[in-house]
Amino acid sequence: MIYIVDNILNYFIYLFIIYFGFKISPRKNRFFIGISAMTVLLAGVFNAYFEVNSPIVYIIWSILSICLFFEERLGHLIIVSAALMYFTGIVDTFSVMLIQVVMIGGGIGSTEIAWWMEPAYLISFLIYLLAYLRILKKHEVYLCDIEFRYKFALFIQGSVFQMFYNLVFVFFDENHARYSLDAYAVFFISIMGAVYSVLLTLSLAVKNILSNRQNRELQSFMYMQKQQYDYQLQQSAAVRRFKHDLVNHIGVLRELMNEKKTEEAKEYIDTIWNMQDEFDLKIHTGDSFLDVIVNYYLYLAAEEHIEFVVLGRLTEKMPLEMFDITTLMGNILQNAVEAAIKTDVPRIRVELIEHKKEIFIVVSNSVVKRINTKTDLFSTSKKDKENHGFGLKNMIAAVAKYHGEYYMEFIEENGEALFKISIAIPKSGD
């Protein structure tokens, strides 16, 4: 029976780490999931019947059960399962030794395999849970995001610690009677040090990911700022050209009026007015900085023949800093343009609604296909996935900073597929 329980506990640990650590989704076909669980139980029955915990059987059922349970590339699943067997084996070894020494006071040679294996697996699981809650989930980082150098460092650490513990365990087995509590202290501290070192390396890997993520976000912000700055330069240059020729335009009008050519003068005035209209801001939202962002994306939309409509107007400035307005509206409108351009009838609609205590921003854009708001929103279709796909995450962070709320949904309007994002930002002081 102990072999079956052993397999089941290992199985649940694998499922926990792969699902929460690597974010790999289970198969939708329940038949494969059932076969996966059956493989674990049959392996346990095999070990129980022959009273042997064969490494070959362990490797086969581990890899097979993982490949059957999760929906992912086969090669990737095999690598993940092999790595899990290695590292969970190391932590399990630490836990087993800790239970045997502290609670039993002896080694494997003097103690039969019995009740202490289940508490050992529980200790291992608590270590994995601690690493997930305090390191991975806290920072929204997953094991698959870690750079290769840190993975290799963890591999080397695990290998060194595994060999080191064999020596420490021999020392304890031979000297615990002689050194008494000192031997227990050495063993316990060495185990705690090993676990802490692994968690520390994992923390450094996560900090490196967060640093790179912050740099990419800053680069994205600077890129959007540069685009808007270039647009403003174009507008300024157009204004300067218009002012430079203004004297000549007035001279032409004067001559036309002197010659009493009224109709020609009116046509010339209309021409000058249309020239002025080219560099004037088309949209006025009530917030000068928001005007720059919205008009820039209006310009981009016009270049791509996308219908761009803004409804509503604010009576006061947005209660957001300039950086956050760029992050919020820049990312939303950039994603909207990229999505709409792929459709047959590309269109974007921005709605500004002001209430007594909140400002609502609703952006809708046409999409090619229905979006799964649970799985597809934070993915990217770009080849450079590492440097893209975090625009909506930045938007969410900006909304959270001001204690706002957001809601994303897929809707159909007049038979047209639209992606709609609604944001509520409390006014300052409320």
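Everything numeric in this text was worked out from a predicted model, so none of it was measured.

**Q** How would you summarise the overall build of the chain if you had to cite specific residues and measurements?
**A** The helix and strand inventory of the chain stands at 11 helices and five strands. For the chain, with 430 residues in total, the buried portion stands at 41%. Relative to all contacts within the chain whose residues are 6 or more apart in sequence, the contacts with residues 24 or more apart total 73%. Just so you have it, the chain exposes about 25100 Å², and 61% of that area is on carbon and sulfur atoms.

**Q** Please set out the sheet that holds strand β1 (residues 307–311) residue by residue, giving values where relevant.
**A** Here we have five strands laid out as an open sheet, ordered β1-β2-β3-β5-β4, and mixed in their pairing. Both edges of this open sheet fall to β1 and β4 (405–413), since each of them pairs with a single strand only. Strand after strand, the sheet turns through a mean of 15 degrees between neighbouring axes, direction not considered. Sheet analysis places β4 next to strand β5 (residues 416–426), joined by nine bridges and oriented antiparallel. In the strand pairing of β5, M408 is matched with I421. Running at roughly 20 degrees to strand β3 (residues 358–366), helix α10 (residues 322–340) makes contact with β1, β2 (347–354), β3 and β5 of the sheet.

**Q** Now, about the packing of helix α1 (residues 2–21) against helix α3 (residues 55–69): what can you tell me, with residues and values included?
**A** The geometry of α1 relative to α3 is characterised by a closest axis approach of 11 Å and an angle of 45 degrees between their N-to-C directions. One finds that α1 runs oblique with respect to α3. By crossing handedness, the relation of α1 to α3 is classed as right-handed. Each of N7, N10, Y11, Y14, L15 and I18 in α1 lies in contact with α3, whose residues at this interface are Y58, W61, S62, S65, I66 and F69. A per-class count over the contact of α1 with α3 returns eight nonpolar, four polar and no charged.

**Q** Please give an account of helix α9 (residues 288–303) that cites residues and values.
**A** If you check α9, its first and last C-alpha atoms are 23 Å apart, about what 16 residues at 1.5 Å a residue would give, namely 22 Å. Every buried residue of α9 is accounted for by F289, L290, D291, V292, I293, V294, N295, Y296, Y297, L298 and A301. Looking at where α9 begins, the residue whose side-chain oxygen comes 3.0 Å from the main-chain nitrogen of F289 is D287. H305 sits one or two residues past α9 and shows a positive phi near 60 degrees.

**Q** Can you explain the environment of N166? Please cite residues and give values.
**A** Looking at where N166 falls in the secondary structure, it is placed in helix α6 (residues 148–179). Its relative accessible area of 41% is what places N166 among the partly exposed residues. When the C-alpha positions of N166 and M97 are compared, they lie 10.0 Å apart, and in sequence the two are 69 residues distant.

Thresholds applied
Residues numbered from 1 in each chain as written. Predicted model: local features only at pLDDT ≥ 70, side-chain atom pairs only at ≥ 80, totals over all residues. Heavy atoms only, no water. Helix = DSSP H or I, 4+ residues; strand = E, 2+ residues; numbered from the N terminus. Buried < 20%, exposed > 50% of the residue type's maximum accessible area, 1.4 Å probe, protein only. Contact = heavy atoms within 4.5 Å. Areas by Shrake-Rupley, 256 points an atom, 1.4 Å probe, with all protein chains shown as cover. Pairing = 2+ DSSP bridges. Axes fitted to C-alpha atoms, helices over the stretch in contact; angles between N-to-C directions. Parallel < 35°, antiparallel > 145°, perpendicular 65-115°, else oblique. Left-handed = near helix turned anticlockwise from the far one by under 90°. Nonpolar A, V, L, I, M, F, W, Y, C, P; charged D, E, K, R; others polar. Expected span 1.5 Å × (residues − 1). Polar contact = N/O pair within 3.5 Å; in protein donor to acceptor, adjacent residues only side chain to side chain.

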